[in-house]
Amino acid sequence: MKNKLLILGLIFSVAINIAVLSTIAYHRWGGRRGEGYSQIIKQHQKNFLSRKLNFSQPQTEQMESLKQSLANNMKKINIPLYEKRTQLVNLLIEPEQDREKINLKLKEIASLQADLQKLTIDYLLKQKALLSPEQQEEFGSLIEERFYREVGHHKDGGLSAVAGEGCICKEK
C-alpha cells in the first residue's frame, strides 16, 4: 500500500512538472497571438505619430521610408551585437573566467550599442526635419515624455536619485 501511494505521488509530481514546463514553453515559443492581433498592434504603432502629429500624405510616406531605412541599418548592427552577447555569455560560463577577454567583449558590445543609439538619434533628427514647427513642438514633447517614462525619474533609483530629493524632470 505504501509503495502504491509513493508511485502515485511520483506520477502526480511528474505530471505537474510536465504541465508547468509545457505552459512555460507555450508562452515562450508557441503562445503567439493570432496574426490578426499582431497586425492590429503594428497598425496602431505605425499610425501613432501620424495621428498624434496629423501627418500629410507625403509626410506619412517619407516617415515610412525613414523607418524602413532605420530597420535595415539596425539589423546590420543587431546581428553582430547578438553574436557578441552570445560570446560574452560563453565567456561567463567557462570554468575559468578571463577578465581581459570579458572586458574586451564588453567594450565591443558597448561600441555596437553606441552605434545603435547614433542611428536612433539620426532617425529622430531626420523625422524632425520633415515636420512643421508646430509638429516639431509636439514631437519634442512626445520624445521628452517617453524619455522620462523609460528612465523612471522617481525616487526609486532613477534620475532623482542622482540629483537628490524630488523629480528632476522639466517643471510643468
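Provided above is the structure to which this section pertains.
What comes next concerns the included structure. (Residues numbered from 1 in each chain as written. Predicted model: local features only at pLDDT ≥ 70, side-chain atom pairs only at ≥ 80, totals over all residues. Heavy atoms only, no water.)

Topic: the pattern of salt bridges
Note the cut-off: Salt bridges are defined as contacts in which a side-chain nitrogen from Lys or Arg sits within 4 Å of a carboxyl oxygen from Asp or Glu. Secondary structure elements follow DSSP: runs of H or I no shorter than four residues count as helices, runs of E no shorter than two count as strands, and numbering proceeds from the N terminus.
Here the structure, examined in full by the defined rule, presents 3 salt bridges. Where Glu108 meets Lys84, a salt bridge forms, and the shortest distance between an N and an O atom there is 3.3 Å. With a gap of 24 residues between them, Glu108 in helix α4 (residues 99–129) and Lys84 in helix α3 (residues 57–93) connect regions that are remote in the sequence. Because the salt bridges share partners, they merge into one network encompassing Lys84, Lys105 and Glu108.

Considering the packing of aromatic side chains
Selection rule: The aromatic pairing rule takes the rings of Phe, Tyr and Trp, using the six-membered ring of Trp, and pairs them if the centres are within 6.5 Å, calling planes under 30 degrees apart stacked, those over 60 edge-to-face and the rest tilted. Exposure is judged per residue with a 1.4 Å probe applied to protein chains only, and the accessible area is read against the type maximum: over 50% gives exposed, under 20% gives buried, and values in between give partly exposed.
On inspection of all chains with the given rule, the structure shows 1 aromatic pair. With a centroid separation of 5.1 Å and 70° between ring planes, the pair formed by Phe147 and Tyr148 is classed as edge-to-face. The exposure class assigned to Tyr148 is buried, which follows from its relative accessible area of 19%.

Digging into the side chain of Gln59
Short version of the rule: Here a polar contact means two N or O atoms within 3.5 Å. Within protein one must be a hydrogen donor candidate and the other an acceptor candidate, and residues neighboring in sequence count only if both atoms are side-chain atoms. Every residue pair with non-hydrogen atoms within 4.5 Å of one another is taken to be in contact.
With respect to the helices and strands, Gln59 occurs in helix α3. Overall, Gln59 belongs to the buried group, its relative accessible area being 9%. For Gln59, the side chain forms a polar contact with the main-chain oxygen of Leu130, separated by 2.9 Å. Discounting residues that sit within four places of it in the chain, Gln59 has contacts with Asn54, Leu130, Leu131, Ser132 and Gln135.

A few points about the nonpolar core
The condition that has to hold: Here, nonpolar core means buried Ala, Val, Leu, Ile, Met, Phe, Trp, Tyr and Cys residues that are tied together by side-chain atoms lying within 4.5 Å of each other.
In terms of nonpolar packing, the biggest core is built from 19 residues, with Leu49, Leu53, Phe55 and Leu131 touching the most fellow members. For this core, the secondary structure elements donating two or more residues are α2 (35–53), α3, α4 and α5 (133–151). The element that contributes the greatest number of residues to this core is α3, accounting for 7 residues. Ignoring any residue separated from it by four or fewer positions in sequence, one finds Leu53 in contact with Leu131, Gln135, Glu138, Phe139 and Leu142.

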